[in-house]
Every structure is written in structure tokens, then in C-alpha cells.
Amino acid sequence: MANVVVVGSQWGDEGKGKIVDWLSEQADVVVRFQGGHNAGHTLVVGGNTYKLSLLPSGVVRPGKLSVIGNGVVLDPQALLDELARLAAQGVVVGPERLRIAENTPLILPLHRELDALRENATVESARIGTTKRGIGPAYEDKVGRRAIRLVDLAEPATLPGKVERLLAHHNLIRRGLGVPEVDATTLVCELNAIAPKVLPFMDRVWDLLDRARREGKKILFEGAQGALLDIDHGTYPFVTSSNTVAGAASSGSGIGPGALDYVLGITKAYTTRVGGGPFPTELTDAVGKTLGEKGREFGVVTGRARRCGWFDAVLVRQTVRTCGIHGIALTKLDVLDGFTELKVCVGYKVDGKQIDYLPAESGAQARAEPIYETMEGWQDSTAGARSWADLPAEAVKYVRRVEELIGCPVAVLSTSPERDDTILVHNPFLA
Ligand code: IMP
């Protein structure tokens, strides 16, 4: 029985929602393993549109178990708000449908404040452009060994000591920034007040997943963001603060890496990025504007306009390797309809030297000039195509060239936001 990991192969927003939803229908368990409520997934199920940030996509389907793994940073208030929004849409998610790992670090209001304070205090050009949800500061506290974790809410006797430790660090920073210190007693009271609302969801997730695996259940690991936003392998420091590569599904949920059978990389037929940082194929001209308008490239979480550019095969080829991607789901091909010619980046020129990988250093990444291959476009529509025969010859050629350049086959081709507008080459769960 195959377990599937889904990751974004670019900078996020590759159209994971539709594909993850289609896969979640086949899965028994859907697991989030990194990130937090910085993600944004739009799901259209049974004519209803759901916008999820923190919850796994399986949550809107009855009969599926949703799991939040320890690799996630959890804002308890954001969790309750998202559950309330879903309930208002008729989807009531109780502890029988959602389990959260005991060892999940919490995002607290002080993390959100610090995220925003830092972003606002940074000069525009150096700004990461975070979602200001407190993600980075919460991961810092996890690695700094001072985080409050979900299980700590179940131990009221020792909670004040843990809060004191956390605040010894934060109040020092807050004094430096000239903002009021956080009062320990107030924070402990707030945590004690929210505890009974979130603790019913708490579980030993590593054990739960191990049992599910042994029972032959199908597990879907749902990545958030994209591999180029990975804290190690992405465009550092313009990245998110978690590991977004596929291997994180193991450490971020407590399942051994041998249980990850198939990695599906969601890949947009062009490239977008939201927030700051290097983007070699970015187009600031009319073509970029057209891609943004046709592709409706606005963030689900922050509403920000996404930067757009040509497909960068160098980046995706690298991601295929760092994530061990077996097949890609190519999305939004229809956005390329109507162009006379299309460009694909096949290498970079950095300081006069030609290279076929993304350099690790941020300055070199910013100086990387794309080397393009030009391909013929197509005038017919690919929107809604459900078989290869429905596609113009040039579109098939484009897809085949992408496969060749990234060294990975297309498993799924998505031709519109509608779930049935999909060409299935290979079902990841049947691998
Ligand atoms: P953070 O995750 O809020 O710390 O933001 C760090 C970087 O990751 C910023 O450039 C964000 O725009 C980007 N980012 C975070 N979440 C997403 C996402 O779901 N899609 C695309 N970009 C994201």
C-alpha cells in the first residue's frame, strides 16, 4: 500500500489544493508535517469553497482522519478560528476527525508581534515578506529549546516555569525593541484558558501513524509552501522557517522514512513567488502581468499579488533531486494558452560563468541571469482538456520538454481548477 508525500516544487502556490483534494479522497489519513497557518489552500468540494490555512485538506471530507504533526507550529487561536469558520460552513470537525501531536510547538501572540515588528523595522530591500503569522519566531523558540508545546498545556503545575524561561528570552528582545514586556501570569492564564479547547485533539501521533501504516491505511502527507522556501535548500534567507522538502514528512510526523513510498511534486507550468528574494526568471513587463492576471495570482492568506515569470527548469530539476520526486503534477498549463512564444530557463549565467544549478549564496542567486530556450506557443485552448488528444501539438511538446529538462515524468496534468479537468498518467497511490 502506497503512502504519498505531496510537496510544492517551486516557491509555493503551485496549485496543491486541487491535487491534494483529489488524492485525499483516496487516502484514509491526511497529515500536515511542517509550516503553520501561513499556508493557504483553496478547496472546492461539492460546489462549496473552503479556504484552509492550518488544517489538512482531508478535513472537509467525512470519514478521513486529519493529523497535524510535530513539524507544524500551531497557533491555538488560529486553529479554533479555522474550526469555527468551517463549522459555519456546515463542516463540524471534532476530536474524532482531527488529531494533533503532543510535541507540536505553539505559536503565541508574542511570536506574531515579533514577526511583524521585525518585518516592519527592516528596509524594504532586505524584507523577507513573511506572512506575519509568527512562524519564524515560533520555530526559533523550538530550536532554542524554550518553546511551549501542546503537551505543556496538560501540565498546569509546570507551565509557569516554562513560561518564565520563554519570557526571559522574549522580554529581553522586547525591551530592546521598546515594546511592553509580556507578563508571565497573564500569559499562563491565557494558556490555561485555551487548554480545554485544544487538548481534546492531542494525540501520540507517531504511534497513531505507525498503527495506521500497519493496518494498511493509505496516508497522504500534505506539504505546505514549496521546496525553494525550505530553510536549508531554499533561497536562504528569503525562505520560510521549516524544512519543506519531502524528507520533512518523516521527521515532522514521526514516521520512518521507509514509509514514504511516492513523492509527488506539484509544479506550475510557469513560475511565481510571493514575498522578497531572488527570482531569476521574473518578468516585470506586460508578459508577467498577463501571467498574473490569467493565473489569478493573488495570495490566499495575505491577498498579495504574486511575482510571475517563465518556467525555470533549473530550479525544478534541483527540487526533483532534493525531494526525491517520483512524478510531478503539472498545473495551470492553460494560463500559457495564446502566447506566440514561450521561454523556458535551462541554465544561468553567474559572473560570466554558465551553470546548471541554483548557487547557494544569496548574492549569486540574485545575480543569476537566466539562459532561455524559446518554444513555439499555441493559440488553441488547453483549458479543460481531459486527454492528450485534446491538447494542441505545441502544448504536448512543451510538456515533454519540461519532463526532459527536469528529469522527471508528469504523473498528473491539471488543465483547470475543476477537479475533473485532469489528465492522469499515473496514480501516485497505485505506485
Ligand atoms: P513565513 O513563512 O510567514 O515566515 O514567510 C517566509 C516566506 O515564505 C515569505 O516569502 C512568504 O511569502 C513565503 N510563504 C509562506 N507561506 C507561503 C505559502 O503558503 N505560499 C507561498 N509563499 C509562502
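Residues numbered from 1 in each chain as written. Predicted model: local features only at pLDDT ≥ 70, side-chain atom pairs only at ≥ 80, totals over all residues. Heavy atoms only, no water.

### Looking at the side chain of Thr281
Structurally, Thr281 can be placed in the loop between strand S10 (271-273) and helix H9 (286-294). A relative accessible area of 0% places Thr281 in the buried class. Side-chain polar atoms of Thr281 contact the backbone oxygen of Trp310, separated by 2.8 Å. The contacts of Thr281, once residues within four sequence positions are left out, are Thr271, Cys308, Gly309, Trp310, Asp312, Cys345, Pro370 and Tyr372. (Helix = DSSP H or I, 4+ residues; strand = E, 2+ residues; numbered from the N terminus. Buried < 20%, exposed > 50% of the residue type's maximum accessible area, 1.4 Å probe, protein only. Polar contact = N/O pair within 3.5 Å; in protein donor to acceptor, adjacent residues only side chain to side chain. Contact = heavy atoms within 4.5 Å.)

### Considerations on the packing of aromatic side chains
If you walk through the whole model with that rule in mind, you get three aromatic pairs. Ring centres of Trp11 and Phe279 lie 5.2 Å apart, and the angle between their planes is 55°; on these two criteria the pair is classed as tilted. Taken as a pair, Trp11 in the loop between strand S1 (4-8) and helix H1 (16-26) and Phe279 in the loop between S10 and H9 lie far apart in primary sequence, 268 residues in all. You'll find Trp11 and Phe279 in the same group, each marked buried. (Phe/Tyr/Trp six-rings, centres within 6.5 Å; stacked < 30°, edge-to-face > 60°.)

### Examining the UniProt feature "binding site: Mg(2+)" (unreviewed entry) in the protein
What UniProt calls "binding site: Mg(2+)" (unreviewed entry) maps, in this numbering, to Asp13 and Gly40. Maximum C-alpha separation among the annotated residues is 8.1 Å over a sequence range of 28 residues, consistent with a single clustered spot. Tracing the chain through its elements places Asp13 in the loop between S1 and H1. Ignoring anything within four residues of it in the chain, the contact list for Asp13 reads Lys268, Thr272, Val274 and Arg306. Along the chain, Gly40 falls in the loop between strand S2 (29-32) and strand S3 (41-45). Gly40 gets classed as partly exposed once you look at its relative accessible area, which sits at 24%. If sequence neighbours within four positions are ignored, Gly40 has contacts with Leu52, Val300 and Val301. (UniProt positions renumbered as here; feature names shortened; annotations may be inferred.)

### Details of the site of the ligand
The full set close to the ligand counts 16 residues, and Asp13, Asn38, Thr131, Thr240 and Arg304 are the nearest of them. Here an oxygen atom of the ligand sits 3.3 Å away from a polar atom, N or O, in the main chain of Gly129. With the chains in place, 96% of the 470 Å² that the ligand exposes on its own is no longer accessible. By residue class, the composition of the shell around the ligand is six nonpolar, eight polar and two charged. (Near = heavy atom within 4 Å. Areas by Shrake-Rupley, 256 points an atom, 1.4 Å probe, with all protein chains shown as cover. Nonpolar A, V, L, I, M, F, W, Y, C, P; charged D, E, K, R; others polar.)

### Considering the nonpolar core
In this structure, Val5, Leu209, Phe221, Leu333, Leu336, Tyr398 and Ile406 are the most contacted members of the largest nonpolar core, which totals 57 residues. Of the residues forming this core, the biggest block, six residues, is contributed by helix H12 (residues 393-406). Within the second largest apolar cluster, 38 residues are counted, among which are Val60, Ile68, Leu79 and Leu153. (Core = buried A, V, L, I, M, F, W, Y, C linked by side-chain atoms within 4.5 Å.)

### Considerations on the side chain of Arg306
Structurally, the position occupied by Arg306 is in the loop between H9 and strand S11 (307-309). Side chain to side chain, Arg306 and Asp13 meet in a polar contact 3.3 Å long. From its side chain, Arg306 meets the backbone oxygen of Phe298 in a polar contact 3.2 Å long. With sequence-adjacent residues up to four places away left out, Arg306 is seen in contact with Asp13, Lys268, Thr272, Arg273, Val274, Arg296, Glu297, Phe298, Gly299 and Val300.

### A word on H9
All of the buried residues along H9 are Gly288, Leu291 and Gly292. Buried residues along H9 cover an arc of 95° about the axis, so they all sit on one side. Exposed residues on H9 whose side chains face more than 90 degrees from its buried face are Ala286, Lys289 and Glu293. Residues of H9 that are buried make contact with S11. The N-capping residue of H9, defined by a side-chain oxygen 3.2 Å from the backbone nitrogen of Val287, is Asp285. Just downstream of H9 lies Arg296, where phi reads positive at about 45°. (Arc of directions from axis to C-beta.)

### A closer look at helix H6 (residues 184-198)
Taking 1.5 Å of rise per residue, the 15 residues of H6 would be expected to cover 21 Å, and the 21 Å separating its terminal C-alpha atoms lies within 8% of that figure. Among the residues of H6, those classed as buried are Ala184, Leu187, Val188, Leu191, Ile194, Ala195 and Val198. (Expected span 1.5 Å × (residues − 1).)

### Describing the domain arrangement of the protein
Segmentation of the protein into domains returns domain 1 (4-101 + 201-259), domain 2 (109-198) and domain 3 (268-430). Between the C-alpha centres of domain 1 and domain 3 there is a distance of 24 Å. Taken residue by residue, the interface counts 40 residues in domain 1 and 39 residues in domain 3. Both sides together, the interface formed by domain 1 and domain 3 hides about 3000 Å², and carbon and sulfur atoms give 64% of it. For the interface between domain 1 and domain 3, the tally reads three salt bridges. (Domains from an automatic or database assignment. Buried area = accessible area lost by both parts, 1.4 Å probe. Salt bridge = Lys/Arg side-chain N within 4 Å of Asp/Glu carboxyl O.)

### Concerning the UniProt feature "binding site: substrate" (unreviewed entry) in the protein
UniProt records the feature "binding site: substrate" (unreviewed entry) for Val300, Val301, Thr302, Gly303, Arg304, Ala305 and Arg306 in the present numbering. Mapped onto the fold, Ala305 is located in the loop between H9 and S11. On the basis of relative accessibility, which here comes to 53%, the residue Ala305 falls in the exposed class. Setting aside residues up to four positions removed in sequence, Ala305 forms contacts with Val274, Glu297 and Phe298. Residue Arg306 is classed as buried on the basis of its relative accessible area of 11%.

### Brief notes about the packing of helix H5 (residues 159-177) against H6
The contact between H5 and H6 brings their axes to 10 Å, and the two run at 125°. Relative to H6, the element H5 lies oblique. The hand of the H5/H6 crossing is right-handed. Every residue of H6 that contacts H5 at Leu159, Pro160, Val163, Glu164 and Leu167 is listed here: Ala184, Leu187, Val188, Leu191 and Asn192. Residue composition of the contact of H5 with H6, grouped by class: eight nonpolar, one polar and one charged. (Axes fitted to C-alpha atoms, helices over the stretch in contact; angles between N-to-C directions. Parallel < 35°, antiparallel > 145°, perpendicular 65-115°, else oblique. Left-handed = near helix turned anticlockwise from the far one by under 90°.)

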